[in-house]
Structure formats: C-alpha cells, structure tokens
Amino acid sequence: MILRDDITKIVKSQRDAIIYRNQGVIRHDIIKIQPHQNFAIILSGIRRCGKSTLLVQMMKKEENFYYLNFEDPRLIDFTIQDYEVLEEVFHQEYGFHDLYFFDEIQNLSGWEYYIRHLLDSEKKVIITGSNASLLSRELGTKLTGRNLRLELFPFSYQEYLEYTHKKDSDTSFNDYLFTGGFPEYIRVGLEEVLQNLLLDIIARDIIYRNNIKNPALITEIAVYLLGNIAREMTLSQLQKIFSAIGSVTTIASYISHLEDAYILFTLPRFSYSHKSRQINPKKVYAVDNGLICANTTGFSDDYGRLLENLVFIMLRKKHRELFYFREKHECDFIVKEKTKVTKAIQVCYEVTSRNKDREIRGLLEAMEMFDLKEGYILTGKQEDLLTVDGRTIILMPARSFTE
C-alpha cells in the first residue's frame, strides 16, 4: 500500500516531467499506434530501446490523458489495491478523461485486472513492458482478444540517420552496422553503456523474475550466444559446452528467458513438420548489432555476420514466421506468410567469384522448392540482376531492401 499524498506527488511530478522532456527522433512506428476502445495497445521491447520516449511522443500529441511510470522507485510499495486511489488522484488533478498511458506495467502484480476494468469501462489504454512472456501470460488470462501488440526495436538505419544527422552513404551504413540502434549508446559512444545494459536486463528481467539459481552462468550463456550469432546450435551442444548445467531442459529455459527479455531470438530450420522444427538445430540472432560488438570479441571486421543479423532484425520486425533453409545447400532466410512461403533471401556482404556459386546454389534451391520466381541476395553495397534457370536473382544493398 502507498499513501494517497505520495501517489499524488508521484503522478504530478511524472506528468510535469513530460513537458520538459525532449521527444527526440520521432519513431517511425508511431503511425501504427492508435488508441482503441475495448483493446489495450501493448508496446513491448528490450529495455532502453525507446518505448518510454515513444510514449512521450504520443502524449505530446494529446491534451487529455493519464500517465504513470511503474519503473519509478517511489512506487515500489504500490499494489493493485491502490488503483482506486490512483483513479481518484487522476480525476482530482486532471479531470475525467478516457486515455491512459502506463509505462513498464509488468512491475505491478495483477495489472491485467486493472486494465481489464478500464477496458470494460470503455477506456483507451496504451501500456509498455520489457518482458514478452510476462506480458503474454497475463494477457492470456484476463485480456484474451482484448489487446493489440506492437514490438519496438532499437533505431532502424533510417532512424539512426535522423538521430545522428548523417546522410545515407556506405560509410554511414557501415557505422550503423557496428554501432546498432540503442539511442543512449549512439549518443555517448561508450561500450560500457551496452555492457551495463546487458547485465541490467539479465538481473532485472531474468534473474529476479525467474529465481535463477546460477546467475553467472546465464550471463555466460548470453555472451556466448551473442558471440555466435547466425550459427546453428542445438541444446545438447550447449549443454556440453556448459557442463555445469545438469540438463538440456535448464538450457532451454535459460534461452527462453533471454528471448523473453528480447536479448536474443532463435530461428528454426524450415520444415512443414512442427516436430522437426523443434528437433533440428536453430540459429541465434541478437536484437542489436551494437549489443553484440560491445559484449563479445571477434566482430571487429566480421561484416558478413553482422549484416546477416541486421537483415534478420529487419525481417523480424515485419514477419513472425521466419526460417532458415537447409537441404543440400543453405539459404539464410525464408519468409512464410499464412500458408505459403513468399520470399527467399540470402545475405552476403560482398559477392565474389569465390562465394558466388555457393550463395546462388542455396538461394536457387529454396526458390525451386517453393516455386518462387524471384529471390534476393542482400549485400553491403552491390547491385546486380541475374537470371538463372529462368528465375530472377536480385542483388541489392540491404539498406535498400523494402517490402
């Protein structure tokens, strides 16, 4: 429980802070967010990627709304029983309105009951959270069919250009390839920002919430996987590497926690069989290239894997059904929409006489299997158009690829 006077002070101070806060680069995803009656808008994503700033950008467009950020340490004793007092404070200070903004609401146990009450009262609600699984569990209990989800990632390349006031060029793109899109890191340029961020996320969103018995080990796994992006791995292989972990079940749960916190993503090998997809090796990708480079070694000149990771994020923003393809040869990404594979994409920073045949073979095999007339090889800066066996292969810079 928390005193009414304290709630009032917190609500007012947070609201006043919005007035003076710089809204920064307007996020491109803002056009996707429209408040709705009967549906809670859920904005999720990794910590420090700009969710709170996006809320500020939205609030600066509104005149009448309520706002509370549950990351505020003064709210540590706030419980779901306090929401009636919170409503009274809102009404007393700002009148009666229908639009609510809540930041990092997963910190409030039982939050879904409060949000359901607001929706049943025909209010419009927009909330943020940093843990995908935690949000999903509560959404599945009281808010099934009453929520619309949007994931926010660190800056895209275009947002990076706007933030840094740079012009599109090969040099700018290569800078972004290694820097990534976390605003604070771009601003100060200190790797410690992303090193501390990784530790903070693991501590707050994984260890604390899941009662991890060996916190040092899950950090080691995270760093290991960040250093092995775009490579196939199996749970049994990881269990052998981290032999202190007794079972592959524990390894699987650790990876699941890292995914829930948006640090990592796993990409399954394409198969029409769900069971095969679970058994086959998966590839691992990271949410941001800067997070990779700041927390691992060996990427100082690895343009190829960083470009592949970046393309994965570009595709992951738009598609939920992504796979890699491997039969006789390999294709980096397969996009499946509804029941049909619609795109085959290979990633190669620089196509040369030495790797050209390999890249084309993998892409062509995937195109033939899924009867695709067109396929892509995304590069650092190369452009070309090839016709092979009656099928078109488009070479284009990854930063130019749009769907």
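Residues numbered from 1 in each chain as written. Predicted model: local features only at pLDDT ≥ 70, side-chain atom pairs only at ≥ 80, totals over all residues. Heavy atoms only, no water.

Visitor: Teacher, can you tell me more about the overall build of the protein here?
Guide: Broken down by element type, the protein carries 16 helices and 14 strands. Against the 2.2 N^0.38 benchmark of 22 Å for 403 residues, the protein shows a C-alpha radius of gyration of 23 Å, consistent with a compact globule. Counting only C-alpha atoms and orienting by the principal axes, one finds that the protein spans roughly 70 × 50 × 45 Å. With 403 residues in all, the protein has 54% of them scored as buried. Relative to all contacts within the protein whose residues are 6 or more apart in sequence, the contacts with residues 24 or more apart total 67%. By element, 48% of the accessible surface of the protein is carried by carbon and sulfur atoms, the whole surface being about 19200 Å². Seen as two clouds, the 52 positive and the 56 negative side-chain charges of the protein have centres 3 Å apart. (Helix = DSSP H or I, 4+ residues; strand = E, 2+ residues; numbered from the N terminus. Rg over C-alpha atoms; globule rule 2.2 N^0.38 Å. Buried < 20%, exposed > 50% of the residue type's maximum accessible area, 1.4 Å probe, protein only. Contact = heavy atoms within 4.5 Å. Areas by Shrake-Rupley, 256 points an atom, 1.4 Å probe, with all protein chains shown as cover. Lys, Arg positive; Asp, Glu negative; His and termini not counted. Charge placed at Lys NZ, Arg CZ, Asp CG, Glu CD.)

Visitor: Is there a simple way to think about the sheet that holds strand β9 (residues 322–326) in this case?
Guide: Backbone hydrogen bonds hold the strands of a sheet together, and the pairing may be parallel or antiparallel. Pairing in this open sheet of 6 strands is mixed, and the strands run β9-β10-β11-β12-β14-β13 from one edge to the other. The open sheet terminates on both sides in strands that have one partner only, identified here as β9 and β13 (384–388). Put simply, the sheet's adjacent strands are angled 30 degrees from each other on average, direction ignored. Seen against the sheet, helix α15 (residues 303–316) touches β9, β10 (330–337), β11 (340–347) and β12 (374–379) and runs at an angle of roughly 5 degrees to β10. Where helix α16 (residues 356–369) meets the sheet, its contacts fall on β9, β10, β11, β12, β13 and β14 (391–397), and the angle it forms with β11 comes to roughly 180 degrees. (Pairing = 2+ DSSP bridges. Axes fitted to C-alpha atoms, helices over the stretch in contact; angles between N-to-C directions.)

Visitor: Just to check I follow, could you spell out the packing of helix α9 (residues 191–210) against helix α10 (residues 215–226) for this structure?
Guide: In a pair of packed helices, the angle between the axes and the distance between the axes together describe the arrangement. Closest axis-to-axis distance for the α9/α10 pair is 11 Å, and the angle between their directions is 125 degrees. Between α9 and α10, the interaxial angle falls into the category oblique. As α9 runs across α10, the sense of the crossing is right-handed. Of the residues in α10, those touching α9 at Leu198, Leu199, Ile202, Ile206 and Ile207 are Pro215, Ile218, Thr219, Ala222, Val223 and Leu226. Here the residues of the contact of α9 with α10 are counted per class, giving 10 nonpolar, 1 polar and no charged. (Parallel < 35°, antiparallel > 145°, perpendicular 65-115°, else oblique. Left-handed = near helix turned anticlockwise from the far one by under 90°. Nonpolar A, V, L, I, M, F, W, Y, C, P; charged D, E, K, R; others polar.)

Visitor: Before we go on, may I ask you to explain the sheet that holds strand β5 (residues 147–151) in this structure?
Guide: Strands sit in the order β2-β3-β4-β1-β5 across an open sheet of 5 strands; the sheet is parallel. In this open sheet, the two edge strands, each paired with only one partner strand, are β2 (66–69) and β5. Shown here is a sheet whose adjacent strand axes are inclined to one another by a mean of 15 degrees, direction ignored. Relative to strand β3 (residues 99–103), β2 runs parallel, the two being bridged by 4 bridges. In the strand pairing of β3, leucine 68 is matched with phenylalanine 102. Packing against the sheet, helix α2 (residues 51–59) makes contact with β1 (40–44), β2, β3 and β4 (124–129), and its axis sits at approximately 160 degrees to β3.

Visitor: Got a minute to help me understand α9 in this structure?
Guide: Side chains that are three or four residues apart share a direction in an α-helix, a result of its 3.6 residues per turn. When the terminal C-alpha atoms of α9 are compared, their 28 Å separation across 20 residues agrees well with the 28 Å that a helix rising 1.5 Å per residue should span. Of all bends in α9, the biggest is about 35 degrees, found at alanine 203. Buried residues of α9: Val193, Leu194, Leu197, Leu198, Ile201, Ile202, Asp205 and Ile206, and no others. Packing partners of the buried residues in α9 comprise α8 (183–188), α10, α12 (248–260) and α14 (289–295). (Expected span 1.5 Å × (residues − 1). Bend = angle between axes of the 7 residues up to and from the residue.)

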